[in-house]
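# What the coordinates show
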Amino acid sequence: MRNKHALQKAELMTKDRSREDWLKSHDENVLSMKHTDSLLKAGVVAMLHHAIYENCTTYLDRGYISTGELNDLEYLFESYHDLGGNGTGEVLYNKCKNLQIKEDEHFE
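What comes next is a walk through the structure.

Conventions adopted
- Residues numbered from 1 in each chain as written.
- Predicted model: local features only at pLDDT ≥ 70, side-chain atom pairs only at ≥ 80, totals over all residues.
- Heavy atoms only, no water.
- Helix = DSSP H or I, 4+ residues; strand = E, 2+ residues; numbered from the N terminus.
- Rg over C-alpha atoms; globule rule 2.2 N^0.38 Å.
- Buried < 20%, exposed > 50% of the residue type's maximum accessible area, 1.4 Å probe, protein only.
- Contact = heavy atoms within 4.5 Å.
- Axes fitted to C-alpha atoms, helices over the stretch in contact; angles between N-to-C directions.
- Left-handed = near helix turned anticlockwise from the far one by under 90°.
- Nonpolar A, V, L, I, M, F, W, Y, C, P; charged D, E, K, R; others polar.
- Phe/Tyr/Trp six-rings, centres within 6.5 Å; stacked < 30°, edge-to-face > 60°.
- Lys NZ or Arg CZ within 6 Å of the ring centre and 35° of its normal.

What follows deals with the overall build of the protein chain. A count of helices and strands for the protein chain gives three helices and two strands. In sequence order, the protein chain lays out its α and β elements as α-β-α-α-β. Computed over the C-alpha atoms, the radius of gyration of the protein chain is 28 Å, more than 25% above the 13 Å expected from 2.2 N^0.38 for a compact globule of 108 residues. Counting only C-alpha atoms, the protein chain reaches 90 × 30 × 15 Å along its principal axes. Put simply, the protein chain has 108 residues, and 19% of those count as buried. Here the analysis covers contacts within the protein chain between residues at least 6 apart in sequence; of these, 73% occur between residues at least 24 apart.

The interhelical angle for the contact between helix α1 (residues 2-62) and helix α3 (residues 88-97), taken along N-to-C directions, is 35 degrees, at an axis separation of 9 Å. In the packing of α1 onto α3, the handedness of the crossing is left-handed. Only Thr-88, Gly-89, Leu-92, Tyr-93, Lys-95 and Cys-96 of α3 make contact with α1, whose side of the interface consists of His-49, Ile-52, Tyr-53, Cys-56, Tyr-59 and Leu-60. Its residues placed into classes, the contact of α1 with α3 shows eight nonpolar, three polar and one charged.

Let us look at the packing of aromatic side chains. Under the counting rule described, the total for this entry stands at two aromatic pairs. A centroid spacing of 5.9 Å and a plane angle of 45 degrees characterise the contact between Phe-77 and Tyr-80, whose relative ring orientation is tilted. Taken together, the residues span about one helical turn, with Phe-77 and Tyr-80 both in helix α2 (residues 67-82) at a distance of three residues. With respect to class, Phe-77 is no different from Tyr-80; both count as buried. Look at Phe-77 and Tyr-93: their rings are 4.1 Å apart centre to centre, the planes differ by 5 degrees, and that puts the pair in the stacked class. A residue pair is termed long-range when its members are at least 10 positions apart, and Phe-77 in helix α2 and Tyr-93 in helix α3 qualify at 16 residues. With relative accessibility at 9%, the residue Phe-77 sits in the buried group. Judged by its relative accessible area of 9%, Tyr-93 is buried. Chaining the aromatic ring pairs together yields one cluster made of Phe-77, Tyr-80 and Tyr-93. Positioned above the aromatic ring of Tyr-64, the side-chain terminus of Arg-62 is 4.2 Å from the ring centre. One residue, Lys-102, lies across the ring of Tyr-64, its end atom 4.2 Å from the ring centre.

In structure tokens form, the structure reads like this:
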């Protein structure tokens, strides 16, 4: 009887170690995925900022913005802002919102 209990105890301890190893591996994977997610988010914010910067400098140099360009800029900025972007992207966006708006010839 003692041998049977000893075997059962050994099996349970092995299962517990296996579960602990699995949980540790799982936790490490979750941390790795969170880190990767943060890096991807930062990359997307950087790309959106670049697009906003490039577009805004073009519109500001030109002195006006078309309705289609403003719509596109708003779409870029919403995503940029929702992901935590701010600073120069927001300053440029606000300046472009105050530009003279011309009808977009592509939509007429």
